[in-house]
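Here is what each chain is made of, one letter per residue.
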Amino acid sequence: MTKPTQRLTAPPAPLAGDAGLTFFSTWRMGTPERQKAAVDAIARAWESRPWPHEGLLSYSVYEGVDGSTLMHHSQWRDEQAYQDYFARGRDERNAEVDAAVPGVERVGLTKTRHHRSVAAGAVGGGVPRVYTTVELDAPAAGYRPALADEVLAAWSGGSGLVAAHAYLGTDGVRVFVYGDWKDAGGGGGEAVPAMEGAVAAVKRYRFAFGVGPR
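Residues numbered from 1 in each chain as written. Predicted model: local features only at pLDDT ≥ 70, side-chain atom pairs only at ≥ 80, totals over all residues. Heavy atoms only, no water.

### Quick word on the overall build of the chain
Note the threshold: Elements are defined by DSSP. Helices are runs of H or I of four residues or more, strands are runs of E of two residues or more, and each kind is numbered from the N terminus. Under the scheme applied here, a residue whose accessible area is under 20% of the maximum for its type counts as buried, over 50% as exposed, and between as partly exposed, the area being computed with a 1.4 Å probe on protein chains only. Two residues qualify as a contact provided that any one of their heavy atoms is within 4.5 Å of a heavy atom in the partner residue. Working definition of accessibility: Shrake-Rupley area with a 1.4 Å probe, residue cover restricted to the visible protein chains.
Within the chain one finds three helices and nine strands. Residues classed as buried in the chain amount to 46% of the 214 residues present. Here the analysis covers contacts within the chain between residues at least 6 apart in sequence; of these, 77% occur between residues at least 24 apart. Carbon and sulfur atoms provide 52% of the accessible area of the chain, an area that totals close to 9800 Å².

Rendered as structure tokens:
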């Protein structure tokens, strides 16, 4: 049965344990004007249509504080659900966005499973929030859980952390961690432990909007 699409007022909670997959991808837009236009176009494309697939659990978009990038965060039941959605309707939404904002540079997609999270405390509504992400290539697959845990430990001591979530890429290489901070300074979100052979890219975002099935 087709379900309507509803807007989310906050990012969704991480999937529990090994349940499902979480995907992160980045678009380069070039300017703050194009960034905003893309967010508006994405929101229209999603909210004007029914929820596309029962295997898609949520979809959220974050605006880069650099005024240029967008991060897409989606949660899936499994890989087959994503492949089915891709074949059935993904291009329709992207085509609408591309028509509104031509020239989107889609950088890549990281498929992950949730590793674990840490929570430092809750904040009240209306408090400015920033989301710091770090994406790493680990020197070997066996190092990935330890590397993710080191980032979580480093961020746990940062001023203003609300929660941080670590994910391990299904490719056996990537580590992705994002932290929710209660002020625009990002607290200790730039702290990334040094591990020989690991390459890290740190970025900062603000939550733009999210959608889910009603």
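### Examining the nonpolar core
As a reminder of what qualifies: To form a nonpolar core, buried Ala, Val, Leu, Ile, Met, Phe, Trp, Tyr and Cys residues must be joined to one another through side-chain atoms within 4.5 Å.
The biggest cluster of nonpolar side chains holds 25 residues, and the ones touching the most others in it are Ile-42, Trp-46 and Leu-70. At the level of elements, β2 (21-28), α1 (32-47), β3 (56-64), β4 (69-76), α2 (79-100) and β9 (199-213) are the ones that each hand at least two residues to this core. At seven residues, α1 tops the list of elements feeding residues into this core. Once residues within four sequence positions are removed from consideration, Trp-46 is found in contact with Thr-5, Trp-51, Pro-52, Leu-56, Tyr-59, Tyr-85, Arg-93 and Val-211. Grouped together as the second largest cluster of nonpolar side chains are 17 residues, Val-118, Ala-148, Leu-152 and Val-177 included.

### A short note on the pairing of β2
Where we set the bar: Note on pairing: DSSP must find at least two bridges between two strands before they are called paired.
A large share of β2 lies buried, amounting to seven of its eight residues. Pairing of β2 with β4 involves eight bridges; the strand directions are antiparallel. When the bridges of β4 are listed, Trp-27 appears paired with Leu-70.

### So, the packing of aromatic side chains
Heads up, the rule is: When the centres of two rings from Phe, Tyr and Trp lie within 6.5 Å, Trp using its six-membered ring, the rings pair. Their planes under 30 degrees apart give stacked, over 60 give edge-to-face, and anything left gives tilted. Sitting over a ring, as applied to charges here, requires NZ of Lys or CZ of Arg to be within 6 Å of the ring centre and within 35 degrees of the ring normal.
Considering all chains together, one arrives at 15 aromatic pairs under this definition. Consider the rings of Phe-24 and Tyr-178, whose centres lie 6.1 Å apart with planes at 65 degrees: the pair is edge-to-face. With Phe-24 in strand β2 and Tyr-178 in strand β8 (residues 174-181), this pair connects stretches of sequence that are 154 residues apart. Accessibility assignment for this pair places Phe-24 and Tyr-178 in one class, buried. Their ring planes at 25 degrees and their centres at 4.4 Å tell us that Trp-46 and Tyr-59 sit as a pair that is stacked. With Trp-46 in helix α1 and Tyr-59 in strand β3, this residue pair connects regions lying 13 residues apart in the sequence. The two residues Trp-46 and Tyr-59 agree in class, both being buried. Through a chain of ring-to-ring contacts, three or more aromatic side chains come together here, namely Phe-23, Trp-46, Trp-51, Tyr-59, Trp-76, Tyr-82, Tyr-85 and Phe-86. Sitting over the face of the ring of Trp-46, Arg-93 holds its NZ or CZ atom 4.8 Å from the ring centroid.

### Section: the environment of Glu-135
Selection rule: Polar contact criterion, stated in full: a pair of N or O atoms within 3.5 Å, where within protein one must be able to donate a hydrogen and the other to accept it, and residues adjacent in sequence count only if both atoms are side-chain atoms.
Residue placement: Glu-135 occurs in strand β6 (residues 130-137). On the basis of relative accessible area, Glu-135 is assigned to the buried category, the value being 18%. Residues Glu-135 and Val-202, 67 residues apart in the sequence, show an inter-C-alpha distance of 6.7 Å. Apart from residues lying up to four places away in sequence, Glu-135 is in contact with Thr-110, Arg-174, Val-175, Phe-176, Val-199, Ala-200 and Ala-201. Among the polar contacts made by the side chain of Glu-135, one reaches the side chain of Arg-174 at a distance of 3.4 Å.

### A look at the environment of Arg-116
The topology assignment puts Arg-116 in strand β5 (residues 105-119). Sequence separation between Arg-116 and Ala-148 is 32 residues, and the spatial gap between their C-alpha atoms is 8.7 Å. Excluding residues that lie within four positions of it along the chain, Arg-116 makes contacts with Asp-149, Leu-152, Ala-164, His-165 and Ala-166. Only 2.8 Å separates the side chain of Arg-116 from the side chain of Asp-149, close enough to count as a polar contact.

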